[in-house]
Amino acid sequence: DTGVSQDPRHKITKRGQNVTFRCDPISEHNRLYWYRQTLGQGPEFLTYFQNEAQLEKSRLLSDRFSAERPKGSFSTLEIQRTEQGDSAMYLCASSFWRQGVSGANVLTFGAGSRLTVL
Amino acid sequence: KNQVEQSPQSLIILEGKNCTLQCNYTVSPFSNLRWYKQDTGRGPVSLTIMTFSENTKSNGRYTATLDADTKQSSLHITASQLSDSASYICVVRGDYKLSFGAGTTVTVRA
């Protein structure tokens, strides 16, 4: 297992187009997170899954954003009708979580998918 | 208001010198604090994680300290190397959420 993989690494698109990012987490990790990061800022939480269930969505996740994790393994993040303000690095992270387990839920991040909306 | 504040925003140091980064937080309740290193264009990589009862933890040339009473943490880099040039992000876990600092950008020059 080579860690968390994200694809594509870079995406340039025109305003109004749809884009989709894929994340393949570490195979034994049951939680998967999506974050957005702009230059000079820390990551901002978007949403997370435990197995295939989407447990939380940030208010940052407008109705143009949708995330899925259909089989509890890989996840996709789709942005519809992209806007210039969507330009950012989209980070995926995964973790193993079990209640009461010490040290659980340490996130392993992928390298990110950088989106540029022209 | 961000619950995790980092300082300085950026710093430049000469290779071989030491530096200390600060993280102040207001997250409550507190579960643990992590420091991540993020190289340009890459995802963050975990350096250390500390719980309430831990005051210091080292990972090679990186030493993190935690004062849970004053809600402050520091990351000390010893004998800096060019490869230490990166953004260092402080992340605090509360009851179930992670709060991220904006990071400190460290530039190491030869």
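Residues numbered from 1 in each chain as written. Chains lettered and ligands numbered in written order. Predicted model: local features only at pLDDT ≥ 70, side-chain atom pairs only at ≥ 80, totals over all residues. Heavy atoms only, no water.

Student: Just give me the short version of the environment of glycine 112 of chain A, but keep the residues and values in it.
Tutor: Residues and elements named next belong to chain A. Within the secondary structure, glycine 112 sits in the loop between β10 (108-109) and β11 (113-117). Residue glycine 112 is classed as buried on the basis of its relative accessible area, which comes to 0%. Each C-alpha atom of the pair glycine 112 and glutamine 37 lies 9.3 Å from the other, and the pair is 75 residues apart in sequence. (Helix = DSSP H or I, 4+ residues; strand = E, 2+ residues; numbered from the N terminus. Buried < 20%, exposed > 50% of the residue type's maximum accessible area, 1.4 Å probe, protein only.)

Student: Hey, could you go over the state of the cysteines for me, with residue numbers and the actual values?
Tutor: Residue and element names in this part refer to chain B. Tallied over the full model, the rule gives two disulfides over all chains. One disulfide in the model links cysteine 23 with cysteine 90; its S-S distance is 2.0 Å. Residues cysteine 23 and cysteine 90 are joined through a disulfide that is left-handed, its torsion about the S-S bond being -65°. Of the two residues, cysteine 23 is situated in strand β3 (residues 19-25) and cysteine 90 in strand β9 (residues 86-93); the sequence distance between them amounts to 67 residues. Looking at cysteine 23, the relative accessible area reads 0%, which means it is buried. Of all cysteine sulfurs, the one in cysteine 90 lies closest to cysteine 19, which takes part in no disulfide; the gap is 15 Å. (Disulfide = S-S within 2.5 Å.)

Student: Let's hear about the environment of serine 87 of chain B: which residues, and what values?
Tutor: Residues and elements named next belong to chain B. Following the sequence through the fold, serine 87 ends up in strand β9. Here serine 87 falls in the buried class, since its relative accessible area comes to 15%. A sequence separation of 51 residues divides serine 87 from tyrosine 36, and the C-alpha atoms of the two residues are 8.3 Å apart. Residues within four places of serine 87 in sequence aside, it is in contact with Tyr36, Lys37, Gln38, Gly103, Thr104 and Thr105. (Contact = heavy atoms within 4.5 Å.)

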